Amino acid sequence: MAMTPATQQQPSTPEVPDLHRERRRLHTKLKLATQIGQGIDGYIIGGIGMAMAALTTDLHLSTFMQGLVGASPLIGIFIGGPLFGRLADRFGRRPVFLVDMLIFLIGSVLQFFVTDGTQLFLIRLLMGVAIGGEYAIGAPLLSEYAPRRGRGRLLASLEISWYVGYALATVVGALFADVDGGWRWSLASSAVIAVVCVALRGGIPESARWLLSRGRREEAEALIEKYGIEVDIDAEFDESQAPAREGFRALFSRRHLRSTVFASVFWAALVLPYFAIGTFWTQVFEALNMGDNAVAALLVYSFTAVAGVTAGCLVVDRIGRRRLLIPPFWITAGALALVALWPTSTPVIVGGFLFFIFLNAASSALTAIYPLEVFPTSLRTTGVGFATAMSRVGAAIGTFLLPMGLDRFGAEFVLLIGAGVLALGGLVSQFLAPETTDMDLARAARKARGA
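Bear in mind the structure is a predicted one, so any value in this text is a computation, not a measurement.

Asks: I would appreciate a short explanation of the overall build of the protein in the present structure.
Replies: Counting secondary structure elements, the protein contains 21 helices and zero strands. Within the protein, the fraction of its 451 residues that count as buried is 54%. The long-range fraction of contacts in the protein, counting pairs at least 24 apart against all pairs at least 6 apart in sequence, stands at 83%. Carbon and sulfur atoms make up 65% of the accessible area of the protein, which totals about 20,100 Å².

Asks: So what exactly am I meant to see when it comes to the nonpolar core here?
Replies: Buried together is how nonpolar side chains tend to be arranged in soluble globular proteins. Leu55, Phe266, Leu325 and Phe353 are the most contacted members of the largest nonpolar core, which has 112 residues in total. For this core, the element with the most residues is helix H5 (residues 117-145), which contributes 14 residues. Not counting residues within four places of it along the chain, the set of residues in contact with Leu325 comprises Phe262, Phe266, Leu270, Ser363, Leu366, Tyr370, Ser429 and Ala433.

Asks: Looking at this structure, how should I read the side chain of Gln38?
Replies: If you trace the backbone, Gln38 turns up in helix H2 (residues 19-59). Given the relative accessible area of 3%, Gln38 is considered buried.

Asks: What exactly am I supposed to notice about the packing of helix H4 (residues 93-111) against H5 here?
Replies: The angle between the axes and the distance between the axes are what describe a pair of packed helices. At a closest axis distance of 9 Å, the pairing of H4 and H5 adopts a crossing angle of 150°. The orientation of H4 with respect to H5, classified from their angle, is roughly antiparallel. In the crossing of H4 with H5, the sense of the turn from one axis to the other is left-handed. Partitioned by chemical class, the residues of the contact of H4 with H5 number 13 nonpolar, five polar and five charged.

Asks: Please explain empty space enclosed by the protein as it appears in this structure.
Replies: Any space left empty among the atoms is revealed by the rolling of a water-sized probe across them. All chains considered together, the criterion is met by one cavity of 30 Å³ or more. Each pocket or cavity is described by its volume, and for the largest cavity that value is around 40 Å³. Forming the walls of the largest cavity are Tyr43, Ile44, Gly47, Gln111, Arg124, Ser186, Leu187 and Ser190. Those elements that provide at least two residues to the lining of the largest cavity are H2 and helix H7 (182-188). Per element, the largest residue contribution to the lining of the largest cavity is three residues, and it comes from H2. Grouping the constituent residues of the lining of the largest cavity by class yields three nonpolar, four polar and one charged.

Asks: What am I meant to see in the packing of aromatic side chains here?
Replies: This structure, assessed with the given rule, holds seven aromatic pairs. With a centroid separation of 5.1 Å and 20° between ring planes, the pair formed by Phe262 and Phe266 is classed as stacked. In this pair, Phe262 and Phe266 are both assigned in helix H13 (residues 257-279), four residues apart and thus about one turn of the helix distant. The same class applies to Phe262 and to Phe266, which are both buried.

Asks: It is not clear to me how helix H17 (residues 346-364) should be interpreted in this structure. Could you clarify?
Replies: One turn of an α-helix holds 3.6 residues; hence residues three or four places apart share an orientation. Taking 1.5 Å per residue, 19 residues should reach 27 Å; H17 reaches 27 Å between its end C-alpha atoms and fits that length. Within H17, the full set of buried residues consists of Ile349, Gly352, Phe353, Phe356, Ile357, Leu359, Asn360, Ala361, Ala362, Ser363 and Ser364.

Asks: Quick question: what am I supposed to make of the packing of helix H3 (residues 63-91) against H4 here?
Replies: One can describe the packing of H3 onto H4 by two numbers: an axis separation of 7 Å at closest approach and a directional angle of 145°. Residue-level contacts link Phe84, Leu87, Ala88, Asp89 and Phe91 of H3 to Arg93, Pro95, Val96, Asp100 and Ile103 of H4.

Asks: Help me understand the environment of Ala433 in this model?
Replies: Mapping Ala433 onto the fold places it in the loop between helix H20 (411-432) and helix H21 (441-448). A relative accessible area of 6% means that Ala433 is categorised as buried. Separated by 15 residues in the primary sequence, Ala433 and Ala448 have C-alpha atoms spaced 7.1 Å apart. Non-local contacts of Ala433, meaning those with residues more than four positions away in its chain, are made with Phe262, Arg322, Leu325, Tyr370 and Val428.

Asks: Mind showing me how you'd approach H21 here?
Replies: Considered for burial, the residues of H21 that qualify are Leu441, Ala442, Ala444, Ala445 and Ala448. Across the axial projection of H21, the buried residues extend over an arc of 160°, all falling on one side. Measuring from the backbone nitrogen of Ala442 back to the side-chain oxygen at the start of H21 gives 3.0 Å, which picks out Asp440 as the cap.

Asks: How should I be thinking about the pattern of salt bridges in this particular structure?
Replies: Pairing between side chains of opposite charge can happen when the charged atoms of each approach one another. All told, the structure shown has 12 salt bridges when counted by the stated rule. We note a salt bridge from Arg149 to Asp438, for which the minimum N-O separation is 3.3 Å. Of this pair, Arg149 sits in the loop between H5 and helix H6 (151-175) while Asp438 is found in the loop between H20 and H21, placing the two residues 289 residues apart along the sequence. Several salt bridges share partner residues, and in doing so they unite Asp89, Arg93, Glu144 and Arg380 into one network.

Asks: Would you mind showing me how to read the environment of Ser72 here?
Replies: Checked against the element boundaries, Ser72 lands in helix H3. Residue classification places Ser72 among the buried residues on the basis of a relative accessible area of 0%. Residues Ser72 and Met127 lie 55 residues apart in sequence; the distance between their C-alpha atoms is 8.6 Å. Setting aside residues no more than four positions away along its own chain, Ser72 makes contact with Phe121, Arg124 and Leu125. A distance of 2.7 Å separates the side chain of Ser72 from the backbone oxygen of Val69, its partner in a polar contact.

Asks: I keep staring at unusual backbone geometry and nothing clicks. Help me out?
Replies: When glycine is set aside, most residues are seen to have a negative phi, and most peptide bonds are trans. The backbone of His60 shows a phi angle near 55°, a positive value even though the residue is not glycine. Taking relative accessible area as the criterion, His60 reaches 70% and is therefore assigned exposed. In this model, Asp438 sits at a positive phi of 65°, which is unusual for a non-glycine residue.

Asks: When you look at the environment of Tyr274 in this model, what are you seeing that I'm missing?
Replies: Within the secondary structure layout, Tyr274 lies in helix H13. Overall, Tyr274 belongs to the buried group, its relative accessible area being 15%. Along the backbone, Tyr274 and Gly418 are 144 residues apart, and their C-alpha atoms lie at a distance of 8.9 Å. Setting aside chain neighbours within four positions, we find Tyr274 in contact with Tyr163, Tyr301, Ala305, Phe356 and Asn360.

Cut-off values and rules
Residues numbered from 1 in each chain as written. Predicted model: local features only at pLDDT ≥ 70, side-chain atom pairs only at ≥ 80, totals over all residues. Heavy atoms only, no water. Helix = DSSP H or I, 4+ residues; strand = E, 2+ residues; numbered from the N terminus. Buried < 20%, exposed > 50% of the residue type's maximum accessible area, 1.4 Å probe, protein only. Contact = heavy atoms within 4.5 Å. Areas by Shrake-Rupley, 256 points an atom, 1.4 Å probe, with all protein chains shown as cover. Core = buried A, V, L, I, M, F, W, Y, C linked by side-chain atoms within 4.5 Å. Axes fitted to C-alpha atoms, helices over the stretch in contact; angles between N-to-C directions. Parallel < 35°, antiparallel > 145°, perpendicular 65-115°, else oblique. Left-handed = near helix turned anticlockwise from the far one by under 90°. Nonpolar A, V, L, I, M, F, W, Y, C, P; charged D, E, K, R; others polar. 1 Å grid on protein atoms, 1.4 Å probe; cavity = no way out; pocket = protein on both sides within 12 Å on 5 of 7 lines; lining within 4 Å. Points joined across faces, edges and corners; volume = space filled by probe spheres on them. Phe/Tyr/Trp six-rings, centres within 6.5 Å; stacked < 30°, edge-to-face > 60°. Expected span 1.5 Å × (residues − 1). Arc of directions from axis to C-beta. Polar contact = N/O pair within 3.5 Å; in protein donor to acceptor, adjacent residues only side chain to side chain. Salt bridge = Lys/Arg side-chain N within 4 Å of Asp/Glu carboxyl O.

So this is what it looks like as structure tokens:
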């Protein structure tokens, strides 16, 4: 039988997609969507500083209401971290990642139309809930698509984005400072950033690791093959089959308590002295009889912190997690103790604070890394959200108590308390911090709980 041309023709080989190009495109899009999200967090928190004086006059805010408006995002973070973290573990990363940014967009626009302090407080409280959600979902989702090598630097770069967003908000606020009602435009300007971020997030697929944690192996393997994701499929799938409690109760089970304690304590110990001293920097310097240098010192404080977190980002994958966390805890504790013991020595004060600020900021790069590495995929965003909330409790307690401590006991006592908090963080980290550099996330979580 003669063969027709059609039967003689060899079947054409379908064009093989460029795996590296697909992976690079997804990584770039996800990185931008996450970094912009972190940047908008800093933008929203930083923007209120430049706008506060003008909006206080326009909205006739009392001192009490000024405090509420200023603190509203921090209160919202305490709520949003655990809430969105739990939702992302239960319903998936992708929908929560998108809804979170939609809240930013809506809240940004609504700020323009407020007519009293209560409205502004409620709107910024809602935006604070979204900020907490961003902490809980952004970095974990990025980590679940990131390669093992270089994951630390990638995640640590989110902290730099936060500082950039904060600085940008200050610049925009200054540009609108002399405009009638300019505070409305400066606060609402975050809507522009949110629109860009919503567009980026719309095309991001679900996390393959989350799909595995839900037993949806075929869907996960399709994504892994399409984008060349580095995943230990068997380790993730085995983790999903392990009997475990769900939700917040699981954080305090024997299986995960070690990770919960470590993530919450190290994060709170890092930020408590930093936020407390930074918020009342002028009062601290006046108590040390250096009030004339407080403004210049505040600028040095800010730039040193940026340099520190950048340095942490650059070295985190080279020296490892534990080396970036534990020695700086002990060194910064010693630095604050030295300032407390020699409060009349200018070289000791300047040197002690510079060591504290730089190394504390360098270690803070780990707040975007360690919490999500010590929890399994099924509990990752819940755990990160809870640790976020605990860190803000620490920051709020320190900020609330510091001025009273200065007034009653003096700067030396306050600094010794700060040194004690840092030493506690170092002690807990010494025993509980795992070395997870370049490890697959599932194996890192196993190591964190001592398995």
